[in-house]
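Breakdown of the fold
Read off the chains here:
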Amino acid sequence: ADFDAKKKRKVAEIYQALNSDPIDVAALRRMAISEGGLLTDEIRCKVWPKLLSVNTDDLPPLPAGKELREDNKDYQQVLLDVRRSLRRFPPGMPDDQREGLQEELIDIILHVLKRNPQLHYYQGYHDIVVTFLLVVGDRLATALVEKLSTHHLRDFMDPTMDNTKHILNYLMPIIDQVNPEVHDFMQSAEVGTIFALSWLITWFGHVLSDFRHVVRLYDFFLACHPLMPIYFAAVIVLHRQQEVLECECDMASVHHLLSQIPQDLPYESLISKAGDLFVQFPPSELAKEAAQQQAERTAASTFKDFELASVQQRPDTVLRQRFRERLRGEERLQGEERTKSILTKPRTNRFVKLAVMGLTVALGAAALAVVKSALEWAPKFELQIFP
């Protein structure tokens, strides 16, 4: 009953924000982020357009599908992907209804691509579009997806994957800030970040089987900075730190573990945590590390191999013995040093302070800061995320 009362209160607050003049978009963003998100598809139809500043009063009519399909270079690929998208429709939906929706899905995608020749279709794009189609219907979905494609998803729709890879490069620095041990383990396993690619470019639509969880995440992502999905990806990895550290430290095992996404994730607490991390480590702070990610990894790992090789080539066992003892001594010292440095390390210090402040509130302060950064971000939206 308490939950129902809370829900009723939230619905009332959402409608109040929608009916105020001007519409209180900041409040709508907060509602979309906070526990339970926007609650119902009926509300999403009203709020999603506001989060993307899409004017719903004059939606253009959809062109007839036939003319869209005739000489469209992407048609065959889109058709294949849409045909394969059976499991994205509610189980138990009658075949003819589903087939009708699949036709609409093809039309929406081709329509957006035709109107925006600078955008390139990618596999997985249809997973995002189908989510909008199922929630808001074809005309509104077309408008929302077009706006999204020229903004949040813009980097995935370049002719090359460069910008997408660049966004993936944010994953390890976020993990490193929170749990250096998991970060170092993943680096040693050389697992890379490709396991999170389909999460990122479909906003998790492709990998989560329960539609409710998908739309809950879409509420969150639509209200936030375009990089939020990568923070959420990091939070999923961190949530599974135990499993990761118990895994064989090699690429195949770790990749396999991470790419199988558990379906019973505690979404609300992960969303809350992703919001907090965004506030603690905003993208601007991580940008340098993300850029170094590539360069450093290769240089460091080859240097380590080189060191190992030179150690093993010493013929003199006495020397080798001495070298090992010296290493052990150093390790002991390092251990003490490490404890000292951990206590004075800015990263940990920040965490201690935050823990003392008890920042991991149920997205109170965090939601506000995320909202603020999303609003600051909005005018610069026309720029690409990564020039």
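Residues numbered from 1 in each chain as written. Predicted model: local features only at pLDDT ≥ 70, side-chain atom pairs only at ≥ 80, totals over all residues. Heavy atoms only, no water.

Remarks on the overall build of the protein chain
Within the protein chain, the secondary structure is distributed over 21 helices and 0 strands. Scored against the burial criterion, the 387 residues of the protein chain give a buried share of 46%. Pairs at least 24 residues apart make up 77% of the contacts formed inside the protein chain by residues separated by at least 6 positions. About 20100 Å² of surface is accessible on the protein chain, with carbon and sulfur atoms providing 55% of the total. (Helix = DSSP H or I, 4+ residues; strand = E, 2+ residues; numbered from the N terminus. Buried < 20%, exposed > 50% of the residue type's maximum accessible area, 1.4 Å probe, protein only. Contact = heavy atoms within 4.5 Å. Areas by Shrake-Rupley, 256 points an atom, 1.4 Å probe, with all protein chains shown as cover.)

Here we look at the packing of helix α13 (residues 211-223) against helix α17 (residues 267-280)
Look at α13 against α17: their axes get within 11 Å of each other, and the N-to-C directions meet at 20°. Taken together, the axes of α13 and α17 lie roughly parallel to each other. Where α13 crosses over α17, the two elements pack in a sense that is right-handed. Of the residues in α17, those in contact with His213, Arg216, Leu217 and Phe220 of α13 are Tyr267, Glu268, Ile271, Ala274 and Gly275. (Axes fitted to C-alpha atoms, helices over the stretch in contact; angles between N-to-C directions. Parallel < 35°, antiparallel > 145°, perpendicular 65-115°, else oblique. Left-handed = near helix turned anticlockwise from the far one by under 90°.)

Re the nonpolar core
Core analysis: the largest hydrophobic core is formed by 109 residues, its most contacted members being Trp48, Phe204 and Phe232. Ranked by the residues each element gives to this core, the list is headed by helix α14 (residues 228-239), at 10 residues. Both domains that furnish three or more residues to this core are identified here as domain 1 (1-150) and domain 2 (161-303). Discounting chain neighbours no more than four positions away, the residues touching phenylalanine 232 are Phe204, Leu217, Phe220, Phe221, Tyr267, Leu270, Ile271 and Ala274. (Core = buried A, V, L, I, M, F, W, Y, C linked by side-chain atoms within 4.5 Å. Domains from an automatic or database assignment.)

Examining the environment of proline 262
Within the secondary structure, proline 262 sits in the loop between α16 (251-259) and α17. In this structure, the C-alpha to C-alpha distance between proline 262 and valine 207, residues 55 residues apart in sequence, is 9.4 Å. Apart from residues lying up to four places away in sequence, proline 262 is in contact with Arg240 and Tyr267.

Concerning the environment of lysine 147
Secondary-structure assignment places lysine 147 in helix α8 (residues 138-150). Under the relative-accessibility criterion, lysine 147 is labelled partly exposed at 22%. Along the primary structure lysine 147 and serine 53 are separated by 94 residues, whereas in three dimensions their C-alpha atoms are 8.6 Å apart. When neighbours within four sequence positions are excluded, lysine 147 is seen to be in contact with Leu52, Ser53 and Val54.

Focus on α8
Each α-helix turn comprises 3.6 residues. Residues three or four places apart therefore point the same way. Its 13 residues give α8 an end-to-end C-alpha distance of 18 Å, which sits within 8% of 18 Å, the value for a rise of 1.5 Å per residue. Those residues of α8 not exposed but buried are Leu140, Ala141, Thr142, Ala143, Leu144, Val145, Glu146, Leu148 and Ser149. Structurally, α8 contributes buried residues whose contacts are with α3 (41-51), α6 (95-115), α7 (125-136) and α13. (Expected span 1.5 Å × (residues − 1).)

Re the UniProt feature "transmembrane region" (unreviewed entry) in the protein chain
If you check UniProt for "transmembrane region" (unreviewed entry), the listed places come out as residues 191-208, 220-238 and 351-371 in our numbering. Along residues 191-208 the backbone is 28% helical and 0% strand, and the end-to-end C-alpha distance reaches 22 Å. (UniProt positions renumbered as here; feature names shortened; annotations may be inferred.)

Concerning the environment of threonine 150
Tracing the sequence through the fold places threonine 150 in helix α8. Each C-alpha atom of the pair threonine 150 and asparagine 116 lies 8.3 Å from the other, and the pair is 34 residues apart in sequence. With residues up to four places along the chain from it excluded, the contact list for threonine 150 reads Asn116, Gln118 and Leu119. There is a polar contact of 3.1 Å between the side chain of threonine 150 and the backbone oxygen of glutamate 146. (Polar contact = N/O pair within 3.5 Å; in protein donor to acceptor, adjacent residues only side chain to side chain.)

Focus on the packing of aromatic side chains
Note on aromatic pairs: each is described by the distance of the centres and the angle between the planes. Scanning the model with the defined rule gives 15 aromatic pairs in all. Both rings, one in phenylalanine 221 and one in phenylalanine 232, keep their centres 6.1 Å apart while their planes meet at 80°; by these two values the pair is edge-to-face. Remark: phenylalanine 232 occurs in helix α14 and phenylalanine 221 occurs in helix α13; sequence separation between them is 11 residues. You'll find phenylalanine 221 and phenylalanine 232 in the same group, each marked buried. What links up through ring pairs into an aromatic cluster is the set Trp48, Phe132, Phe195, Trp199, Trp203, Phe204, Tyr218, Phe220, Phe221 and Phe232. (Phe/Tyr/Trp six-rings, centres within 6.5 Å; stacked < 30°, edge-to-face > 60°.)

Brief notes about the pattern of salt bridges
On inspection of all chains with the given rule, the structure shows 15 salt bridges. A salt bridge links arginine 69 to aspartate 107, with the shortest nitrogen-to-oxygen separation between them at 3.1 Å. With arginine 69 in helix α4 (residues 65-70) and aspartate 107 in helix α6, the pair connects residues that are 38 residues apart, well separated along the chain. Judged by relative accessible area, which is 16%, arginine 69 ranks as buried. (Salt bridge = Lys/Arg side-chain N within 4 Å of Asp/Glu carboxyl O.)

Here we look at helix α1 (residues 2-19)
Over its 18 residues, α1 runs 26 Å from end to end, which matches the ideal 26 Å to within 8%, given 1.5 Å per residue. Inspection of α1 places Lys10, Ile14, Ala17 and Leu18 among the buried residues, and these make up the whole buried set. Relative to the axis of α1, the buried residues are bounded by an arc of 100° and lie together on one face. Exposed positions of α1 whose direction lies more than 90 degrees from the buried face are Asp2, Lys8, Gln16 and Asn19. Turning to α1, the residues buried within the fold contact α2 (25-33) and α3. (Arc of directions from axis to C-beta.)

Some thoughts on the side chain of threonine 202
With respect to the helices and strands, the residue threonine 202 is situated in the loop between α12 (197-201) and α13. Of note is the side chain of threonine 202, whose polar atom sits 3.2 Å from the backbone nitrogen of histidine 206.

Remarks on the confidence of the model for the protein chain
When pLDDT is averaged along the protein chain, the result is 81; 75% of the residues meet or exceed 70. Within the model, the stretch residues 297-320 combines pLDDT values under 50 with 7 contacts to residues more than four positions away or in other chains. A low-confidence stretch, residues 375-387 (pLDDT under 50), is modelled with 22 contacts involving residues beyond four sequence positions or located in other chains. (pLDDT = per-residue confidence, 0-100.)

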